[in-house]
Amino acid sequence: MSGGLRLTSFDQVDLADPFFDSLKAQYGEFADWFERKSTTKEPVYVIDDGAGDRVRGFVYLKLEEGVITDVDPPLPAARRLKVGTLKNEARGTKLGERIIKKVFDHAFAQDVEEIYVTVFDTHVGLIRLFERYGFSERASKTTPNGQEIVLVRSLGQNGDDIITNYPLIITDESNFFLLSIYPEYHTNLFPDSMLRTEKSHIVEDTSYTNTIHKVYIGGCPLTMMNKGDIVVIYRTTDIPNRAFHRSVVTSICVVEETRTRSNFASEDDFVRYCSPHSVFSDKELREFYNDKSKRVYVAKLLYNAALPRRPNRAKLLSDFGMTDPPRFDLRRISRDEFDSIVEYSELNQRLVL
C-alpha cells in the first residue's frame, strides 16, 4: 500500500472527493478558490490512499514577497512560503511529519526567509505539529469564516534546540559520524533518499517512513554519539563484493539521543519507544530485546536532509581521505571529511550552520 506524497496540479484532483467536505464546510469560498486554481493548473502536493482512489493528504504552497497586510499586525517585507491549505488524514502513520518535511524542502529550494500558515485555533493537533518544529504565533487574521492565528517560522537559527531548528544542521561543538544501514531497510527509513536504481520500490505509508524522527537499532556502540552530533547515513552495497562503487552516502541526520537495553524499564517500554520510528516489527523488536547474547544500542535521529548528489565508497576513499576498514558500520569522521561530503553532495548551503 503506497501513501506517497506526490506533486500534481489542481485540475488532476477530484474536488468531489469526500476528503474535501470539511474544507468546503469551514471555508465558504473553498470550492470557487479550488476551481480557479484548477483553471490555471497550479501545482499542489497530494497523498493518495493505498488504492489511489481517495485523497488522504493535501498541501498547497505559495511563494509570496513583500509585506503581508491582511494580518494583524502586518508581517514586514520578506520572501516567504505560505502554506495555503493543509489537511491530512494520518491514521496514526505520522503523515503530518512527512508533510512538514516537504514544506521545509520546498522552502529551502525556493530560498525563502520565512514560512507562514494561518489556522483556526480549533485545529489543536495541527498547531502543535507546527509549533514542535519552531513555528510561533505572530499575528491573527480575520476572515468571513472567523479568526485564524498566523504561525511563522524563520529559516535562520533560533536558539540551540535541534527540533525547533529543524531541518538546520548546527555543527558548533558537534562530533561527526558515518553510520551504515543495509539496503533492505534504507529507503523505508529514509524515503527521500531513495536511489535512482530503486524506482520499483514502493514507499510505504507507515509511521517509520513518514516520521522525521528515526530509530536506528544495532550492535555497534551508538552511545559514543551524543545529542546534537551529526550523522552521515551510508547505504551499504546491494550486491556482495561491489561496495567500492555501490555503497553510497545518502543522508544527514542529527542525534536526538542514544540508549542501550539497560535504559529501558521493560520489554514493553523498549517496543513502545522504538516501534513508531523503527523499520522492525514489534515481534522483531521483542526478539532484539530478549536476546541477551547480543548487545542492543538504540539511536533516535532527526532526518534532516537527503543529499542531492551521493558520493560512493570510492569517492570517500580516493577524494575525501578516509581510510579503508573492512566495514564502516559506525565510525567517527573529521570535520574536513564532513565538509567534503556536503560540498560534493551539492546540499543547500543554508542547511548547514
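Presented here is a report on the structure given in the accompanying data block. These numbers come from a predicted model, not from an experiment.

Definitions and limits used
- Residues numbered from 1 in each chain as written.
- Predicted model: local features only at pLDDT ≥ 70, side-chain atom pairs only at ≥ 80, totals over all residues.
- Heavy atoms only, no water.
- Helix = DSSP H or I, 4+ residues; strand = E, 2+ residues; numbered from the N terminus.
- Contact = heavy atoms within 4.5 Å.
- Pairing = 2+ DSSP bridges.
- Axes fitted to C-alpha atoms, helices over the stretch in contact; angles between N-to-C directions.
- Phe/Tyr/Trp six-rings, centres within 6.5 Å; stacked < 30°, edge-to-face > 60°.
- Buried < 20%, exposed > 50% of the residue type's maximum accessible area, 1.4 Å probe, protein only.
- Lys NZ or Arg CZ within 6 Å of the ring centre and 35° of its normal.

### Focus: the side chain of E97
- Topologically, E97 is positioned in helix α3 (residues 95-109).
- Non-local contacts of E97, meaning those with residues more than four positions away in its chain, are made with L129, R132, Y133, N210, T211, I212 and H213.

### Some remarks on the sheet that holds strand β6 (residues 136-143)
- Pairing is mixed in the open sheet, where 7 strands are placed in the order β1-β2-β3-β4-β5-β7-β6. The sheet is open, and its two borders are formed by β1 (5-9) and β6, each paired with just one other strand. When the angles between neighbouring strand axes are averaged without regard to direction, this sheet yields 30°.
- Against the sheet, α3 contacts β1, β2 (43-48), β3 (55-68), β4 (75-88), β5 (114-119) and β7 (146-154), and its axis sits at roughly 150° relative to β4.

### Describing the sheet that holds strand β9 (residues 213-218)
- Strand order in the open sheet made by the 6 strands is β9-β12-β11-β10-β8-β13, with mixed pairing throughout. The open sheet has two edge strands, β9 and β13 (330-333), and neither has a second partner. Direction aside, the axes of adjacent strands within the sheet are offset by 40° on average.
- Here strand β11 (residues 248-260) runs beside strand β12 (residues 297-306); their pairing, made up of 9 bridges, is antiparallel. In the sheet register, C253 faces β12, and the bridge partner there is Y303.
- Here helix α11 (residues 335-345) sits on the sheet and contacts β8 (176-181), β10 (230-235), β11 and β13; the angle it forms with β13, its principal contact strand, is near 95°.

### Overview of the packing of aromatic side chains
- The tally for this structure, following the rule as stated, stands at 25 aromatic pairs.
- Considering the side-chain rings of F20 and F58, the 5.2 Å spacing of their centres and the 90° angle between planes classify their relative orientation as edge-to-face. Of this pair, F20 sits in the loop between β1 and α1 (21-26) while F58 sits in strand β3; the two residues are 38 residues apart in sequence, bridging distant segments of the chain. The residues F20 and F58 share a single accessibility class, namely buried.
- Taken together, a centroid distance of 4.8 Å and an interplanar angle of 75° make the contact between F280 and F288 edge-to-face.
- Every member of this aromatic cluster is reached through a ring pair, and the members are F10, F19, F20, F30, W33, F34, F58 and Y60.
- The residue whose ring lies beneath K101 is Y303, and the NZ or CZ to ring-centre distance is 4.6 Å.
- Taking the ring centre of Y344 as reference, the NZ or CZ of R309 above it sits at 4.0 Å.

### Side note on the pairing of β10
- A large share of β10 lies buried, amounting to 6 of its 6 residues.
- Residues I230, V232 and Y234 point to one face of β10 and V231, I233 and R235 to the other, with burial holding for every one of them.
- In terms of strand pairing, β8 meets β10 through 6 bridges, oriented parallel. Paired with I181 across the two strands is R235, which belongs to β10.
- Sheet analysis places β10 next to β11, joined by 6 bridges and oriented antiparallel. Counted as the bridge partner of I230 is V254 from β11.

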